[in-house]
Every structure is written in C-alpha cells, then in structure tokens.
Amino acid sequence: MDLEPGLSQTTTWPETDPLVGLEPVPSSELPLPILVTGLAGVAGYHAFRWLSARYPGQVYGLIPSRNPHVRGVNILCGNIEDRVCLEALFRQYQFAAVLDAVGNCALKPCELEPKIAWLINVEGLKNILQAAGHQRPRIVRLSVDLVFSGKKDGGYVEEDPPDPVSVYGKTMAVAEQILLDADPTACVLRISLPMGRSPNGHAGAIDWIESRFAAGRPATLYVDEIRTPTYVDCLSRVCWEALRRPMAGIFHAGGPVRLSLYQIGQIINCVGGYDPDLLFGIPRRMAGPIPPRAGNVAMDSSKLARTLGYTPFLPWPFDQRLLPTDRESHRRRETIRNEEGSLGCLRDAGAIDKLLCQPRKLEEMGLAGALRLPRQMGETCGY
C-alpha cells in the first residue's frame, strides 16, 4: 500500500534565507528566579532540567502533588488549578519569570471530560496571572500546533487564525488569547512534538511508540497527520531565549522537517530494530469520531529564526538516511547502516539518543557550551 497522496515528500526546506529581513531581538539577562510548570510533560520537564543546569538554585519546577515521577531539589508540589497554592508560592519565592508548559494533551480524555481540559489548560493560566498579581513576571507560554485543523495542508504562520478540531486545541487557543490580552509583552511559543524522554516513560511520542514495540504490541499511527518535531535540547534553548529576550506575541517553534505520525513510527521502528509487522498506518478517516484528529499542521517557524538571528532547530532526525521514502522503507534496514555497522537496538546500544539529540552536531554549531551537552551519545542528552 502506497502513502496517501502528498506524503511522499517528507522534508520541507525553506527556499529563501529565513534570517533575511529582520534584525535579531537583543538579549538581556534572564530574570530570576524562574518558575517552570508542566513538569509532567516532555517540554516542561526538559526545560526545567536545562535551565536548572544553567542557573543552579534559581529555577523551580511545579509538579502535581500526586505525581510520583519527578522529585528533587527545587521541585514544588501543587496543582495548577489551585489558585490559593499558587498565590502562596508567588509570595514566598517572588518569581521574576514563568515558563508555563502546562497542558492536558491527552486527546481522548479531553474530549470525554472537556471541563477538566478547560480547568487545566485555561483556568490554570488564569491562576498564574492572578497569583502573579503586581509582580508582573516575564511569562512564556508553551502552546501547540494543534490550535490548527490542518485543512490548510501545512505551512501555518502566526497570522493564520486558529481553527482547532479537538478540545485540547480549542482550550490551548483560548489560553493564548487570554494571556496576550492580559499581558501583551508575554510570549507564546507554539510547539509541535518535542523528541525527548518523559518523566513517566510513556507521555512522549518516542516513549509511547517505543513502549509498544518493546512489549511486542502493535502501534497504529496516522499517515495523514503531519507534524514538525524538534530535538528537545533545541526547544529548551528556544525557551531560554524567549525568557531573556523582549519577544512579544506568538511564535511558531516547529522543526524544519515535516513528518506524519506513521513516518515517525517508521523511524523509531527501524532504529530500534523492532519487528516491522508491529507498525500499522491508517488515514484519519478510519480513526473514528473520538478524538477528532488534525491533518497537516506543519508550522513555518521563519519568524522565530528571524527574531533570534539564527536557525534554532536542527532537522529531526538529523541523519537524513532515516527519513522514510515510502510506506515500507522501515523494513529495508540495510539502507541506513553507519560506519560501525547497523544502528543497533534502542534498548541495548543507546541508539535512542540519536533520536533525542545530536551532541556532536550541536558542538559544531557552537551550542555545546550553552546546552551543556555530553560527548557520548549513550549518555543522557542535554544536561
């Protein structure tokens, strides 16, 4: 079975230099201390660790009190929907900046319990604004590409009006507007899929897909839901830039490569050496009514690159030999051997790190010092 029409081209590279036309926004010292919310998710968890390594003792993370997966120094327990708790934390710690990475992103539970999705994704932000009061901290909010339906067939820019199809996307779009109405100097970063480990081991894209394959269970992924994934280390650095620069308004923060969820599954299946028969691809029309799925929500992040003065995201995956060329390419593993031989198994050769970050390439770009990257692929990346 061939790919759906339009999906044979997996990469989209800008035809013109995205840095032409705008001067970089000047940077300043990062306002400290910082509160990072949403540590249960991939983006918030890794941004917290990235910032903590750079500013020891000055970064605090907020985690729900019942979450057993994140513990440690400067981890504060409290629920985002508890305004009284947040007000007490702001009084005690006097946060000068907030990276708000909270988001109930489980699509089906959001559809079945929209009030809970609203409580976390919208009321949680309102509680932060209320708790901050007259302190007026620098606020950077992580939103998502799913504020779009995908009917445009990708290439979304910041001026495109949101038209979400899911409760998750709708609540995130509402939260964006609430924040910018309350604080026009705030920054909203719309992200796609951050490729990194999650605290609980199954909340991230790589985690969930790999866990299915590792257990010998099938993974059914959509051939016509298109995203722009990013290395989590690149995204953490963008969060840092947004916190310390006077960037106001909405910025798209997606990577330069467009991939369907099925193609992402192909990459993970191939790199991990898993049974190719465990991967299934279907169009969204076969998924059923709940949850509704977006189509091609690939984002154009040229505005972010122009504002920063450099291209912030490496293509994911960086090794272009991993890019699927057709529906069956994950079965032809002899085509992606490296100088040492095959890529090996994620579980015993550390090859998963090739999908999480690219330390050596980031070193070549001059980012190693800022990212504190290790030199060995098998080590934990980015810290």
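Refer to the structure above for everything that follows.
A brief report on the enclosed structure follows. Keep in mind that this is a model prediction, so the values were computed, not measured. (Residues numbered from 1 in each chain as written. Predicted model: local features only at pLDDT ≥ 70, side-chain atom pairs only at ≥ 80, totals over all residues. Heavy atoms only, no water.)

Quick notes on empty space enclosed by the protein
Counted under the stated rule, the structure contains 1 cavity of 30 Å³ or more. Estimates place the volume of the largest cavity at around 50 Å³. Lining the largest cavity, in full, are Leu107, Leu146, Val165, Ser166, Glu225, Pro292, Arg293 and Ala294. (1 Å grid on protein atoms, 1.4 Å probe; cavity = no way out; pocket = protein on both sides within 12 Å on 5 of 7 lines; lining within 4 Å. Points joined across faces, edges and corners; volume = space filled by probe spheres on them.)

Looking at the pattern of salt bridges
Counting across every chain of the model gives 17 salt bridges. Where Asp145 meets Arg227, a salt bridge forms, and the shortest distance between an N and an O atom there is 2.8 Å. One end of the pair, Asp145, is in the loop between β5 (138-144) and α5 (167-182); the other, Arg227, is in strand β9 (residues 226-227), and 82 residues separate them in sequence. Among the residues examined, Asp145 registers a relative accessible area of 0% and is labelled buried. Put simply, Asp145, Glu225, Arg227 and Arg293 are held in one network by salt bridges that share partners. (Salt bridge = Lys/Arg side-chain N within 4 Å of Asp/Glu carboxyl O. Helix = DSSP H or I, 4+ residues; strand = E, 2+ residues; numbered from the N terminus. Buried < 20%, exposed > 50% of the residue type's maximum accessible area, 1.4 Å probe, protein only.)

Examining the side chain of Asn127
For Asn127, the position within the fold is in helix α4 (residues 114-132). According to the relative accessible area criterion, Asn127 is buried, its value standing at 5%. There is a polar contact of 3.1 Å between the side chain of Asn127 and the backbone oxygen of Ile80. Excluding its chain neighbours within four sequence positions, the residues that come into contact with Asn127 are Ile80, Glu81, Asp82, Arg83 and Leu86. (Polar contact = N/O pair within 3.5 Å; in protein donor to acceptor, adjacent residues only side chain to side chain. Contact = heavy atoms within 4.5 Å.)

Observations concerning the nonpolar core
Counting residues in hydrophobic clusters, the biggest one holds 61 residues, and the most contacted among them are Leu51, Leu99, Leu189, Ile264 and Trp316. A per-element tally of this core places helix α7 (residues 232-244) first, with 7 residues. In contact with Leu99, other than residues within four places in its own chain, are Leu35, Val36, Thr37, Ala47, Leu51, Val140, Leu142, Cys239 and Leu243. Leu35, Cys85, Ala175 and Leu179 belong to the second largest nonpolar core, which has 23 residues in total. (Core = buried A, V, L, I, M, F, W, Y, C linked by side-chain atoms within 4.5 Å.)

Let's talk about the sheet that holds strand β11 (residues 249-253)
Spatial ordering of the open sheet is given by β3-β2-β1-β4-β5-β6-β11, a layout of 7 strands whose pairing is parallel. At either end of the open sheet lies a strand with only one pairing partner, and these are β3 (75-77) and β11. Neighbouring strand axes in the sheet, compared pairwise and without regard to direction, differ in orientation by 20° on average. Direction of pairing for strand β4 (residues 97-100) relative to β5: parallel, over a ladder of 4 bridges. Residue pairing for β5: Asp100 is matched across the bridge by Arg141. Helix α1 (residues 42-54) rests against β1 (34-37), β2 (59-63), β3, β4, β5 and β6 (187-191) of the sheet, and its axis sits at about 160° to β2. (Pairing = 2+ DSSP bridges. Axes fitted to C-alpha atoms, helices over the stretch in contact; angles between N-to-C directions.)

Quick notes on helix α2 (residues 83-93)
Along α2, the residues that are buried comprise Cys85, Leu86, Leu89 and Phe90. Buried residues along α2 cover an arc of 135° about the axis, so they all sit on one side. Summarising the geometry of α2, the exposed residues directed more than 90 degrees from the buried face are Val84, Arg91 and Gln92. Looking at the buried positions of α2, the neighbouring elements they touch are β1, β2, β3, β4 and α4. Where α2 starts, the residue carrying a side-chain oxygen 3.3 Å from the main-chain nitrogen of Val84 turns out to be Asp82. Gln94 sits one or two positions beyond α2 and adopts a positive phi of about 50°. (Arc of directions from axis to C-beta.)

Topic: the packing of aromatic side chains
Counted by the stated rule, this structure contains 7 aromatic pairs. For the ring pair Tyr60 and Tyr93, a centre distance of 4.6 Å and an interplane angle of 45° mean the geometry is tilted. In this pair, Tyr60 sits in strand β2 while Tyr93 sits in helix α2, placing the two residues 33 residues apart along the sequence. For Tyr60, a relative accessible area of 14% corresponds to the buried category. When the centroid spacing of 5.1 Å and the interplanar angle of 85° are considered together, the rings of Phe90 and Phe95 count as edge-to-face. A residue is classified by how much of its surface remains accessible, and Phe95, at 2% relative accessible area, is buried. Through a chain of ring-to-ring contacts, the aromatic side chains of Tyr60, Phe90, Tyr93 and Phe95 assemble into a single cluster. The residue whose ring lies beneath Lys303 is Phe251, and the NZ or CZ to ring-centre distance is 4.4 Å. One cation-aromatic arrangement involves Arg327 over Tyr262; the distance from NZ or CZ to the ring centre is 4.6 Å. (Phe/Tyr/Trp six-rings, centres within 6.5 Å; stacked < 30°, edge-to-face > 60°. Lys NZ or Arg CZ within 6 Å of the ring centre and 35° of its normal.)

Observations concerning the pairing of β6
Along a regular strand, successive side chains alternate from one face of the sheet to the other. With 5 of its 5 residues buried, β6 lies for the most part within the structure. Covered by surrounding structure in β6 are Cys187, Leu189 and Ile191 together with Val188 and Arg190, the residues of both alternating faces. Pairing analysis gives 5 bridges linking β5 to β6, with the strands arranged parallel. Following the sheet pairing, Leu142 is matched in β6 by Leu189.

Side note on unusual backbone geometry
With an omega of 0°, the peptide bond running from Leu32 to Pro33 counts as cis. Looking at where Pro33 falls in the secondary structure, it is placed in the segment before β1. A cis amide bond links Trp316 to the next residue, Pro317, at an omega of -10°. We note that Gln94 has phi near 50°; this positive angle belongs to a residue other than glycine. By the element assignment, Gln94 lies in the loop between α2 and β4. A positive phi angle is found at Asp153, which is not glycine, with a value near 70°. Locating Asp153 in the fold gives a position in the loop between β5 and α5.

These figures come from the coordinates and say nothing about function on their own.
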